[in-house]
Amino acid sequence: MMTTKTATVIDYIVQRIADEGVQHCFGVPGDYAFPVGDAVDRNPNIKWIGCSNELNASYAADGYARARGAAMLSTTYAVGELSAINGVMGAKAERSLVFHVVGMPSYQNQRLRKTMHHTLGDGIFDKFIDISAQAACSHAVINPDNCMIEMERVIAEARRNNQPAYIVVPSDYAQAPVTPAEVRPLKLKSNEASLKKAVAAITERIKNAKSIVALPAFTLSRVGLQKEARKAIEALGCPFATTSMEKSIIDESHPQFAGMYSGVLSAEETRKVVEGAELVLNIGGVSLNDETTMGFSTHLDPARFISIGLNDVRVGDQLFGSVRIADVLAALAKLKSGAPRYKQTPQGNPSINGKPSDKITMDALYPRYAAFIRSGDNVVLESGSSSFGLPPLTLPDDVRVHIQMLWGSIGWATGASFGIALADPKRKTILITGEGSHQLTANEIGNMGRFGANPIILCLNNDGYMVERALEPNPDWSYNDLAKWRYADVPHALGCTDWFTTRVETLGELDAALKAARESKSGAYIEVIGGRMDMPKGLAFAHTRLKELYGEAV
């Protein structure tokens, strides 16, 4: 860890973030942020990854953090940070730890209230801090005297909540020597007395419950506790189910896996297990939102829940604070339940159907995708039809699925795929997206080629915003139409000249293209032509739940 008297403020910041396991910095250069870029370039432990715009960079950082545990994002003051704020806010909503470092005008010019570019011309420089700080769980304006102390504070708070930290540094302060201070990284740990009480309360409820189900949350993958959660579930012998946000968080071949829970669209056995359980263990904070519950079509009694958060435990009306989830999971792994041990009845995927000459339908497409995905793949699903089409199908063991089901910002998946591919290069990254979302961020493909990310991109072209057409009574409004891109030509136009690219309209063409994509030594891009109103079952069902999703018209 850097503590030398000769270190500049920005060198210290960059190295301290690198100490957190971050090896890449996503961003867009800007003059106020030149010191940040310079510090990244001269630091051997972290590499600059230039993106096409700040929004793409924030999505890439979010994806990187999901795969690596933390990420770094660099933008310039005002125009840059505000362009990135949607992606950073999504990271906050879905608990991805992004260190957002912003270079701002010099302290000297701020004190003189100079009229500078990227401002409103009023000599006030701190109003954007109030905005960007809302996308973070901790923030600091750094100067040479507070640098070392404030970095430990914001890092600890970001780790505690697993959410973004916003770090602002004036450009002249960035290049000044850091003032040495006695600091040490803060170690997050449970309050022993509170932990003991929480475990006792959980144990009592488990001991008296005739039936238990566990719902492991997406947050477990953000903090790397999937194995610990599995051990706790195995010790209890109870079934576990996941929503689409937790797809494949624990291998779906596990004998205690009861299936994907999605309200009335759940398999009958899954719904009985989840909704009929006397006790529901919410491990990590499951998001039972309108998307994961298929329009709030669940029947769950909150009184039956034990909720184990990242930092606290709730049992009925009791709340135990300062309790870290890792410690609770370790205690659960030592418990035994009196409830009968559960063993699943294996459910296979629909068979691969259709003749080679047939047009591509969603019923034929997603089983092919499920069969195409291999153990060890990273699969990134865009908000839209793909997030409804693939999750109900069983995937191989050791597949990591990334989905933004709560924040749901279209275009996220393309940028996130870039970050995931760089964070986890030993796995093949597969992006499954629709054309509407893809048009927002497709320019990032050029940087995928530039930095050797080499994903497989499967882009569904069904003549417009399919998810929007599904979520309103009239699907034919003109605003759901799109510019008619030649998608298969995009990678080559953006410099990915060695990628395999093709456009497919029949099942035979699709099967051949998937085989070629897997064999490609670089990236691959398949434009898949689908029907304008052909949608996965879950999305078609959502179309029937508009009142529940959006309320009655007034």
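This text goes with the structure placed above it.
Everything quoted here is computed from the prediction, not taken from an experiment.

A. Inspection of the overall build of the protein chain at higher detail. Of regular secondary structure, the protein chain possesses 23 helices and 19 strands. Along the three orthogonal principal directions, the C-alpha set of the protein chain runs to about 65 × 60 × 55 Å. Split into buried and exposed, the 554 residues of the protein chain put 59% on the buried side. Within the protein chain, residue pairs in contact and separated by at least 24 positions form 77% of the contacts whose partners lie at least 6 positions apart.

B. Main features of the side chain of His438. Residue placement: His438 occurs in helix H17 (residues 435–441). By relative accessible area, His438 is classed as buried at 1%. Here Tyr525 takes part through its side chain, which lies 3.0 Å from a polar atom of the side chain of His438. When near neighbours in sequence (up to four residues on either side) are disregarded, His438 contacts Thr414, Thr433, Ile445, Ile457, Cys459, Tyr487 and Tyr525.

C. Structural detail: the sheet that holds strand E17 (residues 456–461). Read across the sheet, 6 strands follow the order E15-E14-E16-E17-E19-E18 without closing on themselves; strand pairing throughout is parallel. Both edges of this open sheet fall to strand E15 (400–403) and strand E18 (500–504), since each of them pairs with a single strand only. Strand after strand, the sheet turns through a mean of 15° between neighbouring axes, direction not considered. The pairing of strand E14 (residues 378–381) with strand E16 (residues 429–434) spans 4 bridges and is parallel. Each bridged residue has a counterpart across the sheet, and for Asn378 the counterpart in E16 is Thr429.

D. Seen up close, the nonpolar core. Grouped together as the largest cluster of nonpolar side chains are 71 residues, with contacts concentrated most on Ile13, Phe26, Met72, Met151 and Phe418. No other element matches the 8 residues that helix H16 (residues 412–423) contributes to this core. With sequence-adjacent residues up to four places away left out, Met151 is seen in contact with Tyr12, Ile13, Arg16, Ile17, Ile142 and Ile167. One finds Phe218, Met362, Ala370 and Ala542 within the second-largest nonpolar core, a separate group that totals 45 residues.

E. View of the pattern of salt bridges. According to the stated counting rule, one finds 32 salt bridges in the structure shown. As a salt-bridge pair, Glu152 and Arg16 come within 2.7 Å of each other at their nearest N and O atoms. A residue pair is termed long-range when its members are at least 10 positions apart, and Glu152 in helix H7 (residues 147–161) and Arg16 in helix H1 (residues 9–18) qualify at 136 residues. With relative accessibility at 4%, the residue Arg16 sits in the buried group. Between Glu20 and Arg159 there is a salt bridge; the shortest N-O distance is 2.9 Å. Of this pair, Glu20 sits in the loop between H1 and strand E1 (24–27) while Arg159 sits in helix H7; the two residues are 139 residues apart in sequence, bridging distant segments of the chain. The exposure class assigned to Glu20 is buried, which follows from its relative accessible area of 18%. Connected through shared salt-bridge partners, Asp463, Arg469, Asp476, Asp481, Lys484 and Arg532 make up one network.

F. Molecular detail of the packing of aromatic side chains. Taken as a whole and judged by the stated rule, the model has 10 aromatic pairs. When the ring of Tyr32 is compared with that of Tyr77, the centres are 6.1 Å apart and the planes differ by 80°; the resulting orientation is edge-to-face. Here Tyr32 is found in the loop between E1 and helix H2 (34–42), whereas its partner Tyr77 is found in the loop between strand E3 (71–76) and helix H4 (79–93), with 45 residues between them in sequence. Across this residue pair, the class does not change: Tyr32 and Tyr77 are buried. Judged by centre distance (5.6 Å) and plane angle (90°), the rings of Tyr366 and Tyr369 are edge-to-face. Of this pair, Tyr366 and Tyr369 both sit in helix H14 (residues 362–372), 3 residues apart, which is roughly one turn of that helix. The pair Tyr366 / Tyr369 is uniform in exposure class, with both members buried. It is Arg518 that lies over the ring of Phe372; its NZ or CZ is 4.6 Å from the centre.

G. Fine view of the pairing of E18. Pairing between E18 and strand E19 (residues 524–529): 5 bridges, direction parallel. Within E19, the residue paired with Phe500 across the bridge is Ala524. Regarding topology, helix H21 (residues 507–519) serves as the crossover connection from E18 to the parallel E19, and that connection is right-handed.

H. Highlighting the layout of surface pockets. By volume, the largest pocket amounts to about 970 Å³. Residue lining of the largest pocket: 41 residues in total, with Leu265, Ala267, Pro391, Pro392 and Leu393 positioned closest to the centre. Of all elements in the fold, only strand E9 (257–260), helix H12 (268–275), H14, helix H15 (386–389) and helix H22 (537–543) reach the threshold of two or more residues within the lining of the largest pocket. Class assignment of the residues belonging to the lining of the largest pocket gives a composition of 19 nonpolar, 16 polar and 6 charged. Roughly 630 Å³ of internal volume is contained in the second largest pocket. Looking at the lining of the second largest pocket, the elements that each hand over two or more residues are helix H3 (54–68), helix H10 (219–222), helix H11 (226–236) and E15. With 4 residues, the single largest contributor to the lining of the second largest pocket is E15. Residues that form the lining of the second largest pocket fall into these classes: 8 nonpolar, 6 polar and 11 charged.

Conventions adopted
- Residues numbered from 1 in each chain as written.
- Predicted model: local features only at pLDDT ≥ 70, side-chain atom pairs only at ≥ 80, totals over all residues.
- Heavy atoms only, no water.
- Helix = DSSP H or I, 4+ residues; strand = E, 2+ residues; numbered from the N terminus.
- Buried < 20%, exposed > 50% of the residue type's maximum accessible area, 1.4 Å probe, protein only.
- Contact = heavy atoms within 4.5 Å.
- Polar contact = N/O pair within 3.5 Å; in protein donor to acceptor, adjacent residues only side chain to side chain.
- Pairing = 2+ DSSP bridges.
- Axes fitted to C-alpha atoms, helices over the stretch in contact; angles between N-to-C directions.
- Core = buried A, V, L, I, M, F, W, Y, C linked by side-chain atoms within 4.5 Å.
- Salt bridge = Lys/Arg side-chain N within 4 Å of Asp/Glu carboxyl O.
- Phe/Tyr/Trp six-rings, centres within 6.5 Å; stacked < 30°, edge-to-face > 60°.
- Lys NZ or Arg CZ within 6 Å of the ring centre and 35° of its normal.
- Right-handed = clockwise from strand over helix to strand, strands pointing away.
- 1 Å grid on protein atoms, 1.4 Å probe; cavity = no way out; pocket = protein on both sides within 12 Å on 5 of 7 lines; lining within 4 Å.
- Points joined across faces, edges and corners; volume = space filled by probe spheres on them.
- Nonpolar A, V, L, I, M, F, W, Y, C, P; charged D, E, K, R; others polar.

On their own, these measurements won't tell you what the molecule is for.
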